[in-house]
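# Observations on the model geometry
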Amino acid sequence: MRPLVAGNWKMNGLGADLAELAALKAALSGRPAGCDVLVCPPATLIAKAAGQAGGAFAIGAQDCHPRASGAFTGDISAEMLKDAGASAVIVGHSERRQFHGETDSDVAAKAAAAWRAGLLAIVCIGETSAQRDAGTANHICGSQLDASLPDDAMAGNTAIAYEPVWAIGTGRTPSDGDIAAMHAHIRACLVRRFGEEARGIRILYGGSVKPSNAAQILNLPEVGGALVGGASLKAADFEAIIRGVKVQD
Ligand code: PGA
């Protein structure tokens, strides 16, 4: 399994910030990454970013509408993202769930839309701090996973991002043991539902990943990569995180 390190720019980035992608491209052409690299800029920059990346890394989106087209003012379909040059889309990020009221079934419909358009769906799940303190993190993440994934999830079309809500943008991360335990739980849920082939589905960790903790997190068992927010905005930080992936023989 080749790990995936994905950057989520969120609602950050103007045309001038494409210079960071040029810098990332230059860094990776000098020394290839030991993982798949994806950058998810805001939708306004996808086409330009894809042109600029030129295949040195992939470009993704941060959300999509479940339908392919229609009277949905302001929305963007998975097919449009693909047409603009995206090869992946994040669905069900906790900020979408929190600020746009997205439910697990909305997320499942978006994942199915991503597949329909030929995009990798990065399906996000994660517990709040209250849920962790109450001891229900495994149950919450298991049920989010179950209800946010349509049937037919497989390694080629899906990655899971485990992002504890309380770790996003806070500088706080779970202990190594807690990350490993949750990833093992997610793996068990995937294999129970989809069979042995689900062992190939990458499970990314997200939430305050930065250059100083990336290598340690990325090398934990069942951690198949990272979803990086704030630290993906600067090429130097993002590259340092990418270099945390141990190159496989
Ligand atoms: P962060 O965000 O790395 O800034 O904590 C991660 C995310 O929300 O995907």
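Here is a short report on the structure shown in this document. (Residues numbered from 1 in each chain as written. Predicted model: local features only at pLDDT ≥ 70, side-chain atom pairs only at ≥ 80, totals over all residues. Heavy atoms only, no water.)

### As for empty space enclosed by the protein
Stated formally: Cavities and pockets were defined on a 1 Å grid built over protein atoms only: a cavity is a set of grid points that admits a 1.4 Å probe from which the probe cannot escape, a pocket is an open set flanked by protein on both sides within 12 Å along at least five of seven lines, and lining residues are those with an atom within 4 Å of any such point. Grid points are joined across faces, edges and corners, and a volume is the space filled by probe spheres set on the points. A run of H or I in DSSP becomes a helix once it reaches four residues, and a run of E becomes a strand once it reaches two; helices and strands are each numbered from the N terminus. For this classification, Asp, Glu, Lys and Arg are treated as charged, while Ala, Val, Leu, Ile, Met, Phe, Trp, Tyr, Cys and Pro are nonpolar and the rest, including Gly, are polar.
Taken as a whole and assessed by the stated rule, the structure comprises 1 cavity of 30 Å³ or more. Within this model, the largest cavity holds a volume of roughly 40 Å³. Forming the boundary of the largest cavity are Gly7, Trp9, Glu20, Leu21, Leu24, Val39, Ser232, Leu233, Ala235 and Phe238. Elements that contribute at least two residues to the lining of the largest cavity include exactly α1 (18–30) and α10 (235–242). Looking at the lining of the largest cavity, the element that brings in the most residues is α1, giving 3 residues. Looking at the lining of the largest cavity residue by residue, the classes come out as 7 nonpolar, 2 polar and 1 charged.

### Quick look at the packing of helix α9 (residues 211–218) against α10
Quick reminder of the rule: Only C-alpha atoms enter the line fits that serve as axes; for helices the fit covers just the stretch in contact. Angles between N-to-C directions range over 0 to 180 degrees. Comment on the angle field: the value is read as roughly parallel under 35 degrees, roughly antiparallel over 145, roughly perpendicular from 65 to 115, and oblique elsewhere. Each crossing gets its handedness from the near helix: less than a right angle anticlockwise from the far helix is left-handed, clockwise is right-handed. Two residues form a contact once any of their heavy atoms are found within 4.5 Å.
Two numbers describe how α9 lies on α10: the axes approach to 8 Å, and their chain directions differ by 25 degrees. What the angle tells us is that α9 and α10 run roughly parallel. By crossing handedness, the relation of α9 to α10 is classed as right-handed. Contacts from Pro211, Ala214 and Leu218 in α9 reach Asp237, Ala240 and Ile241 in α10. Among the residues making up the contact of α9 with α10, the classes are represented as 5 nonpolar, no polar and 1 charged.

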